[in-house]
Amino acid sequence: SGKWARAMAILREFEEKCGTPIGKLRQVADAMTVEMHAGLASEGGSKLKMLISYVDNLPTGDEKGLFYALDLGGTNFRVLRVQLGGKENRVVKQEFEEVSIPPHLMVGSSEALFDFIAQALAKFVAEEGEGFHPAPGRQRELGFTFSFPVRQTSISSGTLIKWTKGFSIEDTVGEDVVGELTKAMEKLKLDMRVTALVIDTIGTLAGGRYHDNDVIAAVILGTGTNAAYVERAHAIPKWHGLLPKSGEMVINMEWGNFRSSHLSLTEYDHALDAESLNPGEQIFEKLISGMYLGEIVRKVLVKMAEEAAIFGETVPPKLKIPFILRTPHMSAMHHDTSPDLKVVASKLKDVLEISNTSLKTRKIIVELCDVVATRGARLSAAGILGILKKLGRDTIRVGEKQKSVVALDGGLYEHYTKFRTTMENTLKELLGDEVAANVFVEHSNDGSGIGAALLAASHSQYL
Ligand code: ADP
Ligand code: MG
C-alpha cells in the first residue's frame, strides 16, 4: 500500500542521512584531532574543553596499603576500601557499600549533604574488619570521584560549576567540593584526607592502567559519554605551570561536546537538540550516548506514525511522550531474534501501549534501531581514532611495536552488544589489520570506584 511505501521511504531517507561510510568517519576522526589540538592550545580554543586534570601519575601496580574511594555521581553514592599489596599481590581485598541519598538532601543545603556523606564514610571506616590495615601514624587517604562539572584547581581541589542530575543546592556552587567534604569530616573527627578529586572517566583510565600498563585512554559510553587520555605535558601549550616529573598529564576531553560539520545531523537530531535542556551543546553525546539513542528512535517512529500511519489512523498517545522509549528497550528490540519478533511486540505493548502490529512493521522497527545504533557506534569508533591519531598511534612506526589499549566502561558499552561489536569492528576497519593488531579495547570494570582509590594511592601525601 501507499502507506507502507511511505514508511519505507522515511526509513531509507533517514538511513541515508545517517550513513557513516569510512571516508566520512576519517573526516570525523581528523576533526576530532584538530579540535584536540585547538583545545590544548588555549582556554576556550575549541568546543573540546580538553581540561587539565592535574592527574600526572597513573597507578603503576606498585601501590601498597589501605585506600578509600567515594563515588558521587547520581542518586546513590558508593564508599569503597581497598587493600593494595604491590606488584605481586595487587588488590588483596576490597569492600564497598552503596548508600542512597534522601531526595530532600539533593535540594537542601551543602552542609546537610556533605554531613550525610561524611557520616556514611565514618560509619564505613568504623566497621573496618579483617584484612584491612591502616598504616600506623598515617592519615587515611581517599580518592573522590565527583561526576559533576568541576573547575579543577589542583589534584585535590575543584570548585563546582553547577549541579546536574537532579541535584540543586545553591550554596555549593562556586565552592571547593573537597573543602566541603573535609569540613564535614572534621566535624566528625574523621581523620581522612582527600588526595585526589577526579571524574569517573579518569577513574576508569586509572583502573585500566593499574591492570594494563599499555592503557593510554579511557572512554565512557553510558547515559552520557566522555573520554580522557594521557598527554605529554609539553604538548599542552595552555599549561603554564611546572612540568610534572612524570612528563605526563591526563586530559579530560569532555568529548560529548564535540561537534563538526562532518557529523551531518538529521531533522530528528536537530529537533532533539532544540527540545533538550542544553540546546547546541553536547552534540556528539546526543548522537552516541545511552540517554538519547532510544529517543531518536522514538522521534522517527512518531514521523512514521503521523505520515505513514504505521500504528493505525491515530498516533498512539504514549509514543508522543519524550524519552519514554529508553535505550535498554531499543536494545532489547534490536537484539530480538525470534521469528515473529515477539520481544518487539512486547516492548511496543508494555512501553508504548501499542498492540496488533504487523510483522512488517516490527521488522521496520528493528531496522530503525540498527540504523541509530550503528551510527552511534561508528561515530564512537571515529572519536577513538581521533585520540589515537593525536598520539601518533594510528600508524606503525618503523622498528617499533607499541601496543595501545583503550579502557571502555559504561552501561551502553557493557549491555548493548550490537553497539559494542559494531564499535569495535569499526575501529579495526579504520585502523587496518596491521595497526589493529596492536590496538585493544578493554572493558575496565568499575574503574570509577577502584580507580579513584588507586589515584588516592598514586597521589598520596606520603610519596
Ligand atoms: P551512568 O552513565 O549514568 O554512570 P551507566 O554507565 O551504568 O550509568 O550507564 C547507564 C546507561 O547505559 C543507561 O542510561 C542506558 O542508556 C544504558 N544501558 C543500560 N542498560 C542497557 C541495555 N541493556 N541496553 C542498552 N543500553 C543500556
Ligand atoms: Mg557511570
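Please refer to the structure higher up on the page.
Note that the coordinates shown come from a computational prediction; the quantities given were computed from them, not determined experimentally.

Draft legend 1. View of helix 5 (residues 110-126). Helix length check: helix 5, at 17 residues, gives a terminal C-alpha distance of 24 Å against a target of 24 Å (1.5 Å per residue), a fit within 8%. Of all the residues in helix 5, the buried ones are S110, L113, F114, I117, A118, A120, L121, F124 and V125. Buried positions in helix 5, seen along its axis, are confined to an arc of 155 degrees and lie on one side of it. Along helix 5, the residues that are exposed and aim more than 90 degrees away from the buried face are E111 and A126.

Draft legend 2. Structural detail: the site of ligand 1. Within the structure, ligand 1 sits among G222, T223, G290, T327, P328, S331, G410, G411, L412, H415 and Y416. In the model, a nitrogen atom of ligand 1 is placed 3.3 Å from a nitrogen or oxygen of the S331 side chain. The separation between an oxygen atom of ligand 1 and a polar main-chain atom of L412 is 3.2 Å. Protein contacts shield 62% of the accessible area of ligand 1, which totals 570 Å² for the unbound molecule. If you list the elements that add at least two residues to the shell around ligand 1, you get helix 11 (327-334) and helix 14 (411-415). Of the residues belonging to the shell around ligand 1, the class tally is 3 nonpolar, 8 polar and no charged.

Draft legend 3. Spatial organisation of the sheet that holds strand 12 (residues 404-409). Pairing within the open sheet is mixed, and its 6 strands lie in the order 1-11-10-9-12-13. The sheet is open, and its two edges are formed by strand 1 (51-52) and strand 13 (439-443), each paired on a single side. Across 2 bridges, the pairing between strand 1 and strand 11 (residues 248-252) is antiparallel. Its bridge partner lying in strand 11, I52 is registered against I251. On top of the sheet, helix 13 (residues 359-390) reaches strand 9 (215-221), strand 10 (225-232), strand 12 and strand 13; it is set at about 10 degrees to strand 10, its chief contact.

Draft legend 4. Layout of the nonpolar core. Y229, M253, W255 and L301 are the most contacted members of the largest nonpolar core, which totals 89 residues. Take this core: its biggest share by element is 16 residues, from helix 13. Once residues within four sequence positions are removed from consideration, L301 is found in contact with I310, F311, L319, L325, I365 and L368.

Draft legend 5. Seen up close, the packing of aromatic side chains. Counting across every chain of the model gives 13 aromatic pairs. Centroid distance F77 to F116: 6.2 Å. Interplanar angle 85 degrees. Geometry classified as edge-to-face. Here F116 lies in helix 5 and F77 lies in strand 3 (residues 76-85), a separation of 39 residues in the sequence. Judged by centre distance (5.8 Å) and plane angle (65 degrees), the ring pair of F146 and W163 falls under edge-to-face. Of this pair, F146 sits in strand 5 (residues 140-146) while W163 sits in the loop between strand 7 (157-160) and helix 6 (177-187); the two residues are 17 residues apart in sequence, bridging distant segments of the chain. Just as F146 is buried, W163 falls in that class too. In this structure an aromatic cluster arises from ring pairing among F144, F146, F148, W163 and F167. One cation-aromatic arrangement involves R81 over F124; the distance from NZ or CZ to the ring centre is 3.8 Å.

Draft legend 6. Main features of unusual backbone geometry. With a phi close to 50 degrees, L341 is a non-glycine residue in the positive phi region. Looking at the secondary structure, you find L341 in the loop between helix 11 and helix 12 (342-352). Positive phi, close to 60 degrees, is recorded for N356, a residue that is not glycine. Along the polypeptide, N356 turns up in the loop between helix 12 and helix 13.

Draft legend 7. Inspection of the pairing of strand 7 at higher detail. Bridge count for strand 6 (residues 150-154) against strand 7 is 4 bridges, and the pairing is antiparallel. Of the residues in strand 7, the one forming a bridge with R151 is T159. The antiparallel pairing of strand 6 with strand 7 creates a hairpin that spans 2 residues between the two strands.

Draft legend 8. Structural detail: the sheet that holds strand 8 (residues 192-198). The strand order across the open sheet formed by 5 strands is 4-3-2-5-8, and the pairing between neighbours is mixed. For this open sheet the edge positions go to strand 4 (91-100) and strand 8, each flanked by a neighbour on one side alone. Averaged over all pairs of adjacent strands, the angle between strand axes in this sheet comes to 20 degrees, irrespective of strand direction. As judged from the 9 bridges shared by strand 2 (residues 64-72) and strand 3, these two strands associate in the antiparallel manner. Note that in strand 3 the partner of L72 across the bridge is F77. Contacts between helix 16 (residues 447-458) and the sheet are confined to strand 2, strand 3, strand 4, strand 5 and strand 8, with strand 2 contributing the most and set at about 130 degrees to the helix.

Reading guide: rules and limits
- Residues numbered from 1 in each chain as written.
- Chains lettered and ligands numbered in written order.
- Predicted model: local features only at pLDDT ≥ 70, side-chain atom pairs only at ≥ 80, totals over all residues.
- Heavy atoms only, no water.
- Helix = DSSP H or I, 4+ residues; strand = E, 2+ residues; numbered from the N terminus.
- Expected span 1.5 Å × (residues − 1).
- Buried < 20%, exposed > 50% of the residue type's maximum accessible area, 1.4 Å probe, protein only.
- Arc of directions from axis to C-beta.
- Near = heavy atom within 4 Å.
- Polar contact = N/O pair within 3.5 Å; in protein donor to acceptor, adjacent residues only side chain to side chain.
- Areas by Shrake-Rupley, 256 points an atom, 1.4 Å probe, with all protein chains shown as cover.
- Nonpolar A, V, L, I, M, F, W, Y, C, P; charged D, E, K, R; others polar.
- Pairing = 2+ DSSP bridges.
- Contact = heavy atoms within 4.5 Å.
- Axes fitted to C-alpha atoms, helices over the stretch in contact; angles between N-to-C directions.
- Core = buried A, V, L, I, M, F, W, Y, C linked by side-chain atoms within 4.5 Å.
- Phe/Tyr/Trp six-rings, centres within 6.5 Å; stacked < 30°, edge-to-face > 60°.
- Lys NZ or Arg CZ within 6 Å of the ring centre and 35° of its normal.

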